[in-house]
Each structure stands twice: as structure tokens, then as C-alpha cells.
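Chain by chain, the residues run as shown.
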Amino acid sequence: MTQDTKTLNTDNNQLTSSPTDNDVRQRFFIEDSPVRGDVVRLSRSYAKTISQKPYPEAIKRLLGEMLTAASLLIGTVKINGRLSIQLQSSDSDSLLNWAMAECDQDGIIRALASWKTDTDEHVQAWENMTDAKEAFAELGATGQGVLFINIQPDNGEPYQGIVERTHDNLADCLAHYQKQSAQIPTLINLASDGLQAGGILVQMLPRTVEEAIEVEQNEDAGIDDDLWTRLSVLTRTVKAEELTTLDANEILYRLYHEENVVAPDPVELAFGCTCSREKSEMAIEQIGEAEALDIIEEQGGTFKMDC
């Protein structure tokens, strides 16, 4: 066992060397199996993200799920760069215009959303929503709205995948996308309570050629054919409040304490803004001189931009 990994300690009910920081992505493996996964917990980084704008409660929770999902999914791709999830409404009557969340390879996260507040009815409608699924539903009925996964390597061509709107929640749509596009069975659970967010992703990677031959030639090869079924049942038992309040290692223990779990050191996650003077100048140039002058007049002789 290398020094940067740890295994489940069934005597004290936790993974050894448990981190106390809840802004982490904790990778884990089931030893001697093709199963891998990640647990993400967001606290201060999530709070900082949603403090940037007066988001309605339902959008706060949706952004929490999106940040968690982006932080989980970037762990499944081998790039130096960024992965973002974007939701785009295709219905002009939708109260949610768009939302995006991003995580880079260093664990820096951010998120933004645009929503309608043009009328008192819009404001009242948002005040009546308290759940991420309600904000997600504002994309339109199942099959409507557009979901994207954008992968932007630091060096290389960007990639965009279109996620089919197969379910009424983000987690199941993303799990379906992983299974259909990468042909990898995937379980994803996401949760957000407006203060904290968390989630878990578990994947069953394809067996190597050597493993497949060994299984075919030897029925006693030590391959646990029931493992994925067992893990699927266990993973679905995790409660939303556990994902948002428990330490990542406590979640792993509660779910898989009878399995041989190996966990490398966690990756810290933190909010990071990509605003800069240069980007602000470019934005002003894009809106044009006439509109910029109008804004200056409205703001009493100044042009103010915030995060």
C-alpha cells in the first residue's frame, strides 16, 4: 500500500486519515475490481459561488447539483483543462434562461445562471420553488431544453457532448449520457440543500483483455460478478441529507464498509472567479460604443461591472 492511499477502517467507523475539509473530491476504488468512483462535498466553495447573485432558492440548489456534477465528471477524464455543464432553455416561456457550472483539473469551481424576473408573476413563481428539480423543469418538458458537457483542454481541441434529456433530474440524465456515450455503466447521485452540496459517482470500467480471458478460462478466477449489482443497490440507498452533511469518507464507510475500498488523497475544491480587466474590456467592446455611453449616462458618468 502506497503512502498516499488509505483503506476502510472498520474498527473506528471511518477511513483512516479522514480530511476535515468538506470542499473535496475523494476518489475511491474497490480493490481488485474494475470499479472506481468519486465523492464530492461542497461547503464554503458553494456558498461563495451562490453569494455572487441573489439567486432564487431553486436555482441555488440546481447550481449546487451542477457544481457537484462538474467536479465529479472531471475526475473521469484525463485532461489538463476545464469541464463545464450547461443547461439552455429552448422555450421562450421558461423562467430559467440558462445555467452553467465548471470545474478545472486543479479543483477550481464556479457557476452562473440567468433567470426571468421581468414581472411580479415571475418573481412569485420563483418564490414558490424550493427544489433543484423545479428549476431543472423550467427547461421544459422531458425531451426539451438542451444540456451540454463541454471539455476544454489547456492544449488541444475542445469537445462538446449533447446530453439527452431523458429524466426529470440532472443526475439521471448525466448517468444515462455516460452509459450511452462512453459505454460505461454509471451511477450518479446529487444533492443540494441551498447551503451545502454533495454527490457520488460510481463506474464499472470494462474488463481488460487479460481479465476477460481469465474469466472465460477459469470460473474460480476471483472475479466478483455480483459486485456491480451489489454496489448499485447500496449506492441508491444514500440519502440527500447524507450527501450534503456527512464527510466524504463517512459516506464511503456507510455505503461500502463490507468492500475493500482504497482511497487516494482527496483533491481540494475552491471557488475561483475568471473575471479580469481584459475580459471586462472585451465585454464593453462587444456591446458597442452607443450602448456603453447609454450605460455610463444611466450610472451617473461611470461604467461599473461586477463579478
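Just so it is clear, the structure is predicted and the values come from calculations on it, not from any experiment.

What counts, and at which threshold
- Residues numbered from 1 in each chain as written.
- Predicted model: local features only at pLDDT ≥ 70, side-chain atom pairs only at ≥ 80, totals over all residues.
- Heavy atoms only, no water.
- Buried < 20%, exposed > 50% of the residue type's maximum accessible area, 1.4 Å probe, protein only.
- Helix = DSSP H or I, 4+ residues; strand = E, 2+ residues; numbered from the N terminus.
- pLDDT = per-residue confidence, 0-100.
- Contact = heavy atoms within 4.5 Å.
- Salt bridge = Lys/Arg side-chain N within 4 Å of Asp/Glu carboxyl O.
- Core = buried A, V, L, I, M, F, W, Y, C linked by side-chain atoms within 4.5 Å.

**Focus on helix H9 (residues 248-256)**
Burial analysis of H9 places eight of its nine residues in the buried class, the great majority of the element. Considered for burial, the residues of H9 that qualify are Ala-248, Asn-249, Glu-250, Ile-251, Leu-252, Tyr-253, Leu-255 and Tyr-256.

**With respect to the confidence of the model for the chain**
In the predicted model, the chain carries a mean pLDDT of 86, and the fraction of residues at 70 or more is 84%. Model confidence for the chain, summarised as mean pLDDT per element, is weakest for strand S2 (residues 14-15) at 42 and strongest for helix H2 (residues 57-73) at 98. Taken together, the stretch residues 9-20 has pLDDT below 50 and engages in 23 contacts with residues farther than four places along the chain or on a different chain.

**A look at the pattern of salt bridges**
Per the counting criterion, the structure on display carries eight salt bridges. Note that Asp-38 and Arg-27 form a salt bridge whose closest N and O atoms lie 2.9 Å from each other. Placement of the pair is Asp-38 in strand S4 (residues 35-42) and Arg-27 in strand S3 (residues 24-30), with a sequence separation of 11 residues. Judged by relative accessible area, Asp-38 falls into the buried class, the value being 2%. The class for Arg-27 is buried, based on a relative accessible area of 19%. Look at the salt bridges and you will find they share partners, linking Arg-82, Glu-102 and Arg-110 into a network.

**Digging into the nonpolar core**
With 50 residues, the main nonpolar core has Ile-59, Met-66, Ile-85, Leu-87, Trp-126, Leu-170 and Leu-174 as its most contacted residues. Sort the elements by how many residues they give to this core and H2 lands first, with 10 residues. With residues up to four places along the chain from it excluded, the contact list for Leu-87 reads Leu-62, Met-66, Asn-97, Trp-98, Ala-99, Phe-136, Leu-139, Val-146, Leu-147 and Leu-170. Phe-28, Val-35, Met-204 and Ala-248 belong to the second-largest nonpolar core, a separate cluster that totals 22 residues.

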